[in-house]
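# Structure assessment
Spelled out, the chains give:
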Number of protein chains: 2
Amino acid sequence: MTIKRLLITSGPTREYLDPVRFLSNASSGKMGCALAQAALRRGLEVVVITGPVDLEYPSQVELYKVVSTTEMCEVALRLFPGCDAVIGAAAPCDYQPKRFSKKKLSKAEFSGVLELEETPDILAALGQIKCPNQMIVAFALETHDAKNRAIQKMKRKNADFIVLNGPTTIQSEEAEIEILSREGTVVDSGHGLKTQIAEKILETLIT
Amino acid sequence: MTIKRLLITSGPTREYLDPVRFLSNASSGKMGCALAQAALRRGLEVVVITGPVDLEYPSQVELYKVVSTTEMCEVALRLFPGCDAVIGAAAPCDYQPKRFSKKKLSKAEFSGVLELEETPDILAALGQIKCPNQMIVAFALETHDAKNRAIQKMKRKNADFIVLNGPTTIQSEEAEIEILSREGTVVDSGHGLKTQIAEKILETLIT
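Values in this document were obtained by computation on a predicted structure and should not be read as measured data.

Among the nonpolar cores identified, the biggest contains 32 residues, and Leu 6, Leu 35, Val 46, Ile 87, Ile 201 and Leu 205 of chain B are the most heavily contacted of them. Residue assignment for this core shows that the elements contributing at least two residues are β1 (5-10), α1 (30-41), β4 (45-50), β6 (85-88), β9 (135-141), β10 (161-165), β11 (174-181) and α5 (194-206) of chain B. For Leu 6 of chain B, the contacting residues outside a window of four places in its chain are Ala 39, Leu 44, Glu 45, Val 46, Val 47, Ala 85, Val 86, Ile 87, Leu 202 and Leu 205 of chain B. Counting 31 residues, the second-largest nonpolar core is a separate cluster that includes Ala 39, Val 61, Phe 161 and Ala 175 of chain A.

This is the structure we're talking about:
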């Protein structure tokens, strides 16, 4: 299919408990950045929504910076209708504290029980507004029963492909992946630098 | 007093719930790094214990990398007896999950309630083994009732000075601080780049 304008979500999100403390993960944004570079090399227009990361995205990228999963979801819902495909390379937090304290919680004020609630599922939300000529590529990072969980995740998100990788991928320069199609078939797999893996993912998307 | 060998704790710590998710804060390690540079310029031996940060400490620093508060505390307890002073510039998490799941928790497996327990108080632990010729400098980041809370904190940690700053300091190149002595007197204050603030803190320590 023809992809001219590609949306990429990238990096972690943060869910703050109070002005200082948050829940997050070690996603670096390197895969999202490598995907943006690979897409630009192929002449695509690239839109990136990123959580807090320490890297610089290419200057040609239309860049949106967010902090929380809810924000990332709002921006993604606004931008996806204008794009041909989305690659969900971000690692958004799937839980957020039920309550946010404007004051920094002191040990005396905190009971030790943190109540969490689910954040919006960004790709599932995009999956609901997806048009037939749009494509969704999800990422799954699983530590066990990986393939089954990835296929379930793809269906839940109405995604066309899912890129399956392991927890060692986070914060690393390298990744080991399998790309699964809607039917659960491995359409490609590989181990290498995230820049090389990004090329593989774009090939799958574009051919 | 004479300080030849200075221990600095720096950066955030992370408390993992499972292989992917953690509690943390946005401490960048910039203040710890600026303090290390300022101390090296004054000819001190510098030992740094750092949580996960994206910056490079000066190569002359004796560097220890840790992840959790418990690890940072263990390393600090081992190294402090060989040092003349410690500056606690790190922002260690004060809570950790009661249980760590080796498997990445799925939405179905997680109840939404995260039970936390206090982590060791690193400077308070050092305060207990402090010799009369050793010095402890604490940091306090408070959003309300700042001065009172800082003084209480200094006493709890058996510290000689406390550097009081606000939440905007985190992740910033700049800081606005007050240095309080044991008696609660403001011995110095200032607003500026963390490199300048680091010089102020070392002056207080060394004169």
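Residue and element names in this part refer to chain A. Remark: helix α2 (residues 69-79) packs on helix α3 (residues 122-129), axes separated minimally by 9 Å, with the N-to-C direction vectors making an angle of 20°. Accordingly, the angle class assigned to the pair α2 and α3 is roughly parallel. Every pair of crossing elements has a handedness; the one defined by α2 and α3 is right-handed. Contacts between α2 and α3 involve Thr 69, Met 72, Cys 73, Ala 76 and Leu 77 from the former and Ile 122, Ala 125, Leu 126 and Ile 129 from the latter.

Right, let's get into the side chain of Gln 134 of chain A. Along the chain, Gln 134 of chain A falls in the loop between α3 and β9 (135-141). Within polar-contact distance, the side chain of Gln 134 of chain A engages the backbone oxygen of Phe 80 of chain A at 2.8 Å.

Of the transformation superimposing chain A on chain B, the axial component is 0.0 Å and the angular component is 180°, with the fit at an RMSD of 0.0 Å. When the rotation and shift are considered jointly, the pair of chain copies conforms to a two-fold rotation axis. Looking at the interface residues of chain A, 100% of them are also at the interface in chain B, so both copies use one shared face.

Strand order in this open sheet of four strands is β2(A)-β3(A)-β3(B)-β2(B), and the pairing throughout is antiparallel. The open sheet has two edge strands, β2 (15-16) of chain A together with β2 (15-16) of chain B, and neither has a second partner. As paired elements, β2 of chain A and strand β3 (residues 21-25) of chain A share two bridges and run antiparallel to each other. Counted as the bridge partner of Tyr 16 of chain A is Phe 22 of chain A from β3 of chain A.

Glycine aside, the phi torsion of most residues is negative, and most peptide linkages are trans. With phi around 50°, Asp 145 of chain A is a residue other than glycine that occupies positive phi space. Its place among the elements puts Asp 145 of chain A in the loop between β9 and α4 (146-156). You will see that Asn 158 of chain B, though not glycine, has its phi angle at about 55°, which is positive. Take Asn 158 of chain B: it is sitting in the loop between α4 (146-156) and β10. Among the residues examined, Asn 158 of chain B registers a relative accessible area of 24% and is labelled partly exposed.

Definitions and cut-offs
Residues numbered from 1 in each chain as written. Chains lettered and ligands numbered in written order. Predicted model: local features only at pLDDT ≥ 70, side-chain atom pairs only at ≥ 80, totals over all residues. Heavy atoms only, no water. Core = buried A, V, L, I, M, F, W, Y, C linked by side-chain atoms within 4.5 Å. Buried < 20%, exposed > 50% of the residue type's maximum accessible area, 1.4 Å probe, protein only. Helix = DSSP H or I, 4+ residues; strand = E, 2+ residues; numbered from the N terminus. Contact = heavy atoms within 4.5 Å. Axes fitted to C-alpha atoms, helices over the stretch in contact; angles between N-to-C directions. Parallel < 35°, antiparallel > 145°, perpendicular 65-115°, else oblique. Left-handed = near helix turned anticlockwise from the far one by under 90°. Polar contact = N/O pair within 3.5 Å; in protein donor to acceptor, adjacent residues only side chain to side chain. Least-squares fit on C-alpha atoms with pLDDT ≥ 70 in both. Pairing = 2+ DSSP bridges.

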